[in-house]
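# Structure at a glance
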Amino acid sequence: MQTPLPDYLAHVIEACDIDNSGHLADYIPELANANPNRLALAMSTVDGEIYSVGDDDIEFTIQSMSKPFAYAYVLQQLGIEAVLDKVGVEPSGEAFNEISLGKDRRPKNPMINSGAITTHSLIPIKDDLESAEILRQFMSALAGRELRFDEAVYESEVKTAYRNLSIGYMLRTVGILETDPVDIVNGYIRQCSILVTVKDLVRMGSVLANGGVDPKTGKRLLNRSVVRQVLSVMMSCGMYDAAGDWLSTVGIPAKSGVAGGILGVLPGQVSIAAFSPKLDEHGNSVRGIDILERLSRDMGLHLMEGTPSAQTIVQSHYRTGKDASLSVYVLRGVLKFTEAEMLLRILQAEPMDQSTIVIDLTQISIIHDVGKRMFLEGIDRLIDDGHTLLLVDPEQRLDHARTHKDRTLHVYQDIEDLIAQLKDAEK
Ligand code: GLU
């Protein structure tokens with residue numbers, strides 16, 4: 001059996017290929033030479049499996065899709081508060097290159113150019129490296145390969161960067177930039193000239209989808225709080241003056257770039273990247289938008305649709321042993337707040353007696369911190385009621401945790417063995 005996913009993705013780009021509308025970005029002269037027919041799509045699952053179709057080996061400049069990664073880098077290095085002092089998080093509803101500041105004289109968010117140039121200025125310099133080089137190395141680590149700059153695109157944009165330079169001078173005037181704005185703007189433009197393929201983008205996105213851990217290597221590259229901040233800003237500000245429209249129709253945190261790329265990241269699920277150079281009036285890829293809209297619709301990826309996972313937490317419950325004195329719960333799925341609440345509500349129905357309750361966690365895939373705390377609290381309360389609690393947790397997901405009342409948990413490896421033992425003891 002071959003998974004149908006690549007066929008489905010191929011079908012999606014075929015369906016989107018017919019739309020020839022839009023125009024190439026020409027304010028960066030080199031981008032006007034791009035092949036307008038290019039079309040590529042890639043998807044990475046949260047565990048790092050990458051599917052891709054079309055021109056998936058063609059490199060193009062990352063442009064504004066570098067903004068969330070630069071933001072992630074400075075957040076990770078300086079902390080969220082220090083970055084918020086300089087750049088806000090309010091959607092601007094303005095074009096990407098608007099020469100504007102918020103009422104508090106900070107750039108409104110890090111996804112428009114004024115915020116991105118400011119973000120670039122915050123990169124702490126180390127080992128005498130240029131700031132754009134520091135970012136190139138960081139993005140290469142996320143992409144799992146050495147990325148490089150497109151010198152021609154860089155040179156061409158630097159020569160015509162009048163608008164970004166005026167943003168830089170404005171930022172310097174109000175003291176948001178503290179050093180030479182020309183150097184900072186040039187560094188920002190260099191950051192935008194890093195070359196990527198759609199496969200690189202989804203691999204970089206998979207680290208965000210996976211809460212900051214590279215799913216391929218298991219290494220933590222970003223803190224969870226940093227990822228949450230970046231994805232929130234992508235959701236509210238990533239698509240410039242089309243952000244509200246995007247949120248309601250596609251509902252996936254995303255960032256586009258004027259070379260024709262769009263990267264979408266759905267936390268805990270997938271990252272998706274599309275590439276096609278012709279842009280709409282907001283500067284977003286026409287076919288790229290179409291592709292993400294279709295995927296969101298077909299695959300139910302809209303963030304606001306929610307996941308009805310909580311229905312499955314107790315896979316089965318049965319009583320066994322002499323006089324049905326053993327109450328056994330087999331759990332399944334993810335244990336977060338919603339599931340923990342449901343589990344505790346079910347356990348509430350246990351009669352107050354001296355019986356033994358067995359809870360099997362073998363098929364629980366993830367235990368969220370809140371889920372764990374609530375679960376341990378429930379255990380304490382059941383013990384207070386007079387029950388004996390036995391847990392099956394072969395992968396030690398509770399990591400030898402103790403209950404809140406500091407009771408040791410009785411943890412076993414295998415449900416069958418445990419029940420056989422308990423029944424023997426009853427004889
Ligand atoms: N380097 C481009 C600029 O600053 C990036 C814009 C974009 O991709 O939206 O104008």
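Just so we're clear, the structure is a prediction, and the values are computed from it rather than from any experiment.

With a phi close to 50°, Gln396 is a non-glycine residue in the positive phi region. You can see Gln396 is positioned in the loop between strand 11 (388-392) and strand 12 (411-412). In the Ramachandran plot, Asp406 falls in the positive-phi region, its phi being about 60° despite a non-glycine side chain. Tracing the chain through its elements places Asp406 in the loop between strand 11 and strand 12.

The subject of this paragraph is the side chain of Asp380. Along the chain, the position of Asp380 falls in helix 14 (residues 369-384). Ignoring sequence-local partners within four residues, the contact set of Asp380 consists of Thr403, His404, Lys405 and Arg407.

On to the sheet that holds strand 5 (residues 254-256), then. Read across the open sheet, the five strands follow the order 2-1-7-6-5; overall the sheet is antiparallel. Edge positions in the sheet fall to strand 2 (50-54) and strand 5, since each has one partner strand and no second. In this sheet, adjacent strand axes meet at a mean angle of 10° when their direction is disregarded. Pairing geometry for strand 1 (residues 40-45) and strand 7 (residues 270-275), over six bridges, is antiparallel. The residue of strand 7 that forms the bridge with Leu41 is Ala274.

Bringing the sheet that holds strand 11 into the picture now. With mixed pairing, the five strands of this open sheet are ordered in space as 8-9-10-11-12. Edge positions in the sheet fall to strand 8 (314-320) and strand 12, since each has one partner strand and no second. As defined by bridge partners, strand 9 (residues 326-335) adjoins strand 10 (residues 356-367) across nine bridges and the pair is classed as parallel. Considered in strand 10, the bridge of Leu326 is made with Thr356. Here helix 14 sits on the sheet and contacts strand 9, strand 10 and strand 11; the angle it forms with strand 10, its principal contact strand, is near 180°.

Calculation notes
- Residues numbered from 1 in each chain as written.
- Predicted model: local features only at pLDDT ≥ 70, side-chain atom pairs only at ≥ 80, totals over all residues.
- Heavy atoms only, no water.
- Helix = DSSP H or I, 4+ residues; strand = E, 2+ residues; numbered from the N terminus.
- Contact = heavy atoms within 4.5 Å.
- Pairing = 2+ DSSP bridges.
- Axes fitted to C-alpha atoms, helices over the stretch in contact; angles between N-to-C directions.

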